[in-house]
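One-letter residues, chain by chain:
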Amino acid sequence: MSSKKASSKIIQTLCCINDSMTLLNTWYAYPLFMPIGARRRELHYREAMRRRREQQLNLQALRRRRMIKIKRIGEQYYVSLTNGGKVAARWENMRQTRRLLPEGNYCYAVFDIPEHVRDVRNHFRAQVKRAGFEQVQLSVWRTRADVGSQLQEQVAALQITRWVVVLVAHAL
């Protein structure tokens, strides 16, 4: 990144901080007998500004983690997911799935990932655990959530289909 771009980002950040401090200071400058409607509008404005800043920080964090790409064309910003962002979004969708399989049925993830791709195996095992699967054996995990198709997509995206089998079956 060029020094001009870096310095302009720093200046923009300083302006945002300065603007937020001005907003906080002006809030306390209002008299106590201010009409209720005006106070309510001010509170809504401050809340909207807080949410906007929070969204900006979240987008910046996602960009730093290389989960999204942000393009600016004219005055418009376009956000797209990177491959890593798509993978993370799929895992998050699996974690948040509330649909359960019928009683006695489970979604199984059975894998035998070789030692030469140990990092992939450890990452997959950690993500399956975080997605709410319970360990049946060392490389056999199951859940009651209806995530079979999502897990199959994830396995294909990670290019580990030759080592992982996803099953939706009655309890084994």
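Worth saying up front: this structure is predicted, and the values here are computed from it rather than measured.

1. Some thoughts on the overall build of the chain
Then step 1. When its secondary structure is counted, the chain shows five helices and six strands.
Then step 2. Residues classed as buried in the chain amount to 25% of the 172 residues present.
Then step 3. Entry remark: accessible area of the chain is about 12800 Å², with carbon and sulfur atoms responsible for 55%.

2. A few points about the nonpolar core
Then step 1. In this structure, Trp-91, Ile-113, Phe-124, Phe-133, Leu-151, Ile-160 and Val-164 are the most contacted members of the largest nonpolar core, which totals 22 residues.
Then step 2. Elements supplying a minimum of two residues to this core: α3 (83-96), β3 (105-111), α4 (118-130), α5 (148-157) and β6 (164-170).
Then step 3. Every residue in contact with Leu-151, bar those within four places of it in the chain, is listed here: Trp-91, Met-94, Ala-109, Phe-124, Phe-133 and Val-166.

3. Considering the sheet that holds strand β4 (residues 134-137)
Then step 1. Strand order in the open sheet formed by four strands is β4-β5-β3-β6, and the pairing between neighbours is antiparallel. Each having just a single partner strand, β4 and β6 make up the two edges of the open sheet. Averaged over all pairs of adjacent strands, the angle between their axes in this sheet comes to 30 degrees, without regard to strand direction.
Then step 2. Note: β4 against strand β5 (residues 140-143), three bridges, orientation antiparallel. Bridging across to β5, Glu-134 finds its partner in Arg-142.
Then step 3. Sheet strands in contact with α5 are β3 and β6, and its direction is about 170 degrees off that of β6.

4. Some points on the environment of Val-155
Then step 1. Locating Val-155 in the fold gives a position in helix α5.
Then step 2. According to the relative accessible area criterion, Val-155 is buried, its value standing at 0%.
Then step 3. Remark: the alpha-carbon pair of Val-155 and Phe-124, spanning 31 residues in sequence, is separated by 9.0 Å.
Then step 4. Residues in contact with Val-155, not counting those within four places in the same chain, are Phe-124, Ile-160, Thr-161, Val-164 and Val-166.

5. A few points about α4
Then step 1. Between its first and last C-alpha, α4 extends 18 Å over 13 residues, near the 18 Å set by a 1.5 Å rise per residue.
Then step 2. Along α4, the residues that are buried comprise Arg-121, Phe-124, Arg-125, Gln-127 and Val-128. Summarising the axial view, the buried residues of α4 lie within an arc of 165 degrees, below the 170-degree limit, and thus occupy one face. Across from the buried face of α4, at angles greater than 90 degrees, the exposed residues are Asp-119, Lys-129 and Arg-130.

6. What about the packing of aromatic side chains?
Then step 1. Tallying each qualifying case throughout the model produces three aromatic pairs.
Then step 2. An angle of 85 degrees between the planes, with centres 5.2 Å apart, marks the rings of Phe-111 and Phe-124 as edge-to-face. Of this pair, Phe-111 sits in strand β3 while Phe-124 is found in helix α4, placing the two residues 13 residues apart along the sequence.
Then step 3. By way of ring pairs, the aromatic residues Trp-91, Phe-111 and Phe-124 are connected into one cluster.
Then step 4. Over the ring of Tyr-106 we find Arg-142; its NZ or CZ atom is 4.2 Å from the centre of that ring.

7. Here we look at the pattern of salt bridges
Then step 1. Within this structure, the stated rule accounts for ten salt bridges.
Then step 2. With a shortest N-O distance of 3.7 Å, Glu-75 and Arg-72 are connected by a salt bridge.
Then step 3. On the basis of relative accessibility, which here comes to 67%, the residue Glu-75 falls in the exposed class.
Then step 4. Between Arg-142 and Glu-134 there is a salt bridge whose closest N-O contact spans 2.8 Å.
Then step 5. A relative accessible area of 41% means that Glu-134 is categorised as partly exposed.
Then step 6. Several salt bridges converge on common partners, so that one network encompasses Glu-47, Arg-50, Arg-51 and Glu-54.

What counts, and where the lines are drawn
Residues numbered from 1 in each chain as written. Predicted model: local features only at pLDDT ≥ 70, side-chain atom pairs only at ≥ 80, totals over all residues. Heavy atoms only, no water. Helix = DSSP H or I, 4+ residues; strand = E, 2+ residues; numbered from the N terminus. Buried < 20%, exposed > 50% of the residue type's maximum accessible area, 1.4 Å probe, protein only. Areas by Shrake-Rupley, 256 points an atom, 1.4 Å probe, with all protein chains shown as cover. Core = buried A, V, L, I, M, F, W, Y, C linked by side-chain atoms within 4.5 Å. Contact = heavy atoms within 4.5 Å. Pairing = 2+ DSSP bridges. Axes fitted to C-alpha atoms, helices over the stretch in contact; angles between N-to-C directions. Expected span 1.5 Å × (residues − 1). Arc of directions from axis to C-beta. Phe/Tyr/Trp six-rings, centres within 6.5 Å; stacked < 30°, edge-to-face > 60°. Lys NZ or Arg CZ within 6 Å of the ring centre and 35° of its normal. Salt bridge = Lys/Arg side-chain N within 4 Å of Asp/Glu carboxyl O.

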